[in-house]
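Listed below, chain by chain, are the residues.
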Amino acid sequence: MTKQYKTLGEFIIENQDSFKYSSGELSRLLNGLRLAAKVVNHEVNKAGLVDILGEAGDQNIQGENQQKLDVLANEKFIQTLKKREIVCGIASEEEDDFISINSFDNQHQNKYVVLIDPLDGSSNIDVNVSVGTIFSIYRRVTPVGTPVTIEDFLQPGVNQIAAGYIIYGTSTMLVYTTGDGVNGFTLNPALGTFYLSHPNMSFPENGNIYSVNEGNYVHFPQGVKDYIKYCQKEEDDRPYTSRYIGSLVSDFHRNMIKGGIYMYPKSSVASEGKLRLLYECNPMAFIAEQANGLASDGKNRIMEVKPTELHQRVPFFCGSRNMVEKAEEFMKNA
Ligand code: AHM
Ligand code: MG
């Protein structure tokens, strides 16, 4: 008999009783993201065929060149969430400011805000390497019925209601948590349906992969240099394997399955590292912790960092529990 896989749609409905707050609204929101993921997946897959590759000519708020697919993914996710009127606000890595969502028949009645990195690792697009979408969902802190404010977005990661990523890889997967473990769904492109392929995902406690841009080695703090040397030392189960795609979602996904640590430390040329607390680190930290892993800024739990601005950057160490703890030890002792 052929094994019957559960679809993402079925899974969302079956599990909505475990949601902390209004289940219908969060289910609709997750379904909206599922739909946008399929649209973006379609665009990413055909990127090599049509003239949508290359830079769009604009710069985003961080002064980086935007790729055309960044712009497109940003539009698709925002459009889908806006049209379905399921959230009261969106903040995106590609937008300067947050967007407040309202309509005549729904006077700011929605309760959730979404923060999104629509296409992370986009410098990989031109060379056909996996990219991803990262999302994070919070319940608003300002009263329902009023427009959202910056306070609704500057919440610590511990307040997240759900977080997830979509990886546009050899196959497309949507991986997410609502605070009750992590589950991964693989897209069957012929049917356009996500199926539960990776139930209860979990980081092995130990791993043997370290992922860091070693080209920045000379700029790293001493503790990070010492930890990298430790990873390379011939002793016990070391040296570890070095794997760095330069696409956070892909590096994280591999390490969650095989066991490993991802690092984007601060350096003498980037005082807070590169990754954004709200769009990249908090959602990945929530997923990591729900999958028995850890996420730290080198000293503190990422999800407890109090955000002060939308596009804030933070050093990031994330992955298998024992490896992150070891890296922290090196940074403390340096
Ligand atoms: P992006 O949001 O501009 O794509 O930048 C984030 C990406 C991560 O996916 C990746 O891990 C990192 O930047 C790679 O940076 P670097 O090339 O400096 O190693
Ligand atoms: Mg990014």
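These figures come from a predicted structure and were not determined experimentally.

Give a detailed account of the overall build of the chain, specifying residues and quantitative values.
Each helix and strand counted, the chain has eight helices and 15 strands in total. The principal-axis extents of the C-alpha atoms in the chain amount to approximately 65 × 55 × 45 Å. A total of 334 residues make up the chain; the buried ones form 47% of that total. A fraction of 67% describes how many contacts in the chain between residues 6 or more apart in sequence connect residues 24 or more apart.

Describe the site of ligand 1, naming the residues involved and giving the relevant values.
If you check the shell around ligand 1, you find ten residues, and the closest are D120, G121, N213, G246 and L248. Each residue belonging to the shell around ligand 1 can be placed in one class, and the counts come to one nonpolar, five polar and four charged. Built from parts of two domains, the shell around ligand 1 gets at least three residues from each of domain 1 (6–199) and domain 2 (207–332).

Break down the domain arrangement of the chain for me, with residues and values.
Under the domain assignment used here, the chain contains domain 1 (6–199) and domain 2 (207–332). Each of domain 1 and domain 2 was reduced to a C-alpha centroid, and the two centroids are 23 Å apart. Facing 34 residues of domain 1, the contacting portion of domain 2 comprises 28 residues. Breaking the side of domain 1 that touches domain 2 down by element, the ones donating at least two residues are β5 (112–120), β6 (131–139), β7 (162–168) and β8 (172–177). The element that contributes the greatest number of residues to the side of domain 1 that touches domain 2 is β6, accounting for five residues.

Tell me what's going on with the environment of D180, and back it up with residues and numbers.
By the secondary structure assignment, D180 is in the loop between β8 and β9 (182–188). Spatially, the C-alpha atom of D180 lies 9.5 Å from that of N15, the residues being 165 residues apart in sequence.

If you had to explain helix α3 (residues 68–83) to someone new, which residues and values would you point to?
The end-to-end C-alpha distance of α3, which contains 16 residues, comes to 22 Å, matching closely the 22 Å that a straight helix rising 1.5 Å per residue would cover. Of all the positions in α3, only L69, D70, V71, A73, N74, K76, F77, I78, T80 and L81 are classed as buried. Two residues or fewer after α3 comes E85, characterised by a positive phi angle close to 50°.

Residues and numbers for the confidence of the model for the chain, please.
Residues of the chain with pLDDT of at least 70 account for 91%, and the chain-wide mean is 92. Taken together, the chains of this predicted complex give a pTM of 0.94 and an interface ipTM of 0.97.

Go over the sheet that holds β6, please, and point to the residues and values.
The strands that make up a sheet pair up through hydrogen bonds in the backbone, lying either parallel or antiparallel. The mixed open sheet is built from eight strands, whose spatial order is β4-β3-β5-β6-β7-β8-β9-β10. Strand pairing shows two members of the sheet lacking a second neighbour, β4 (99–100) and β10 (193–198), which therefore form its edges. Strand direction decides the pairing type here: β7 and β8, joined by six bridges, are antiparallel. Each bridged residue has a counterpart across the sheet, and for Y168 the counterpart in β8 is T172. The strands that α3 touches are β3 (89–92), β4, β5 and β6; relative to β5, the one it contacts most, it runs at about 160°.

A description of the UniProt feature "binding site: Mg(2+) 2" (unreviewed entry) in the chain should follow, citing residues and the corresponding values.
Per the UniProt annotation, the sites labelled "binding site: Mg(2+) 2" (unreviewed entry) are D117, D120 and E280. Spatial clustering of the annotated residues is evident: they stretch over 164 residues in sequence, but the largest pairwise C-alpha distance comes to 8.4 Å. The buried category is assigned to D117, around which 29 C-beta atoms lie within 10 Å. Residues contacting D117, with those up to four places away along its chain left out, are E93, T133, I134, Y279 and E280. Its location among the elements puts E280 in helix α7 (residues 277–290). Ignoring anything within four residues of it in the chain, the contact list for E280 reads D117, D120, I134, L248 and L275.

Rules used throughout
- Residues numbered from 1 in each chain as written.
- Chains lettered and ligands numbered in written order.
- Predicted model: local features only at pLDDT ≥ 70, side-chain atom pairs only at ≥ 80, totals over all residues.
- Helix = DSSP H or I, 4+ residues; strand = E, 2+ residues; numbered from the N terminus.
- Buried ≥ 20, exposed ≤ 12 C-beta atoms within 10 Å, placed from the backbone.
- Contact = placed C-beta atoms within 7 Å.
- Near = placed C-beta within 6 Å.
- Nonpolar A, V, L, I, M, F, W, Y, C, P; charged D, E, K, R; others polar.
- Domains from an automatic or database assignment.
- Expected span 1.5 Å × (residues − 1).
- pLDDT = per-residue confidence, 0-100.
- Pairing = 2+ DSSP bridges.
- Axes fitted to C-alpha atoms, helices over the stretch in contact; angles between N-to-C directions.
- UniProt positions renumbered as here; feature names shortened; annotations may be inferred.

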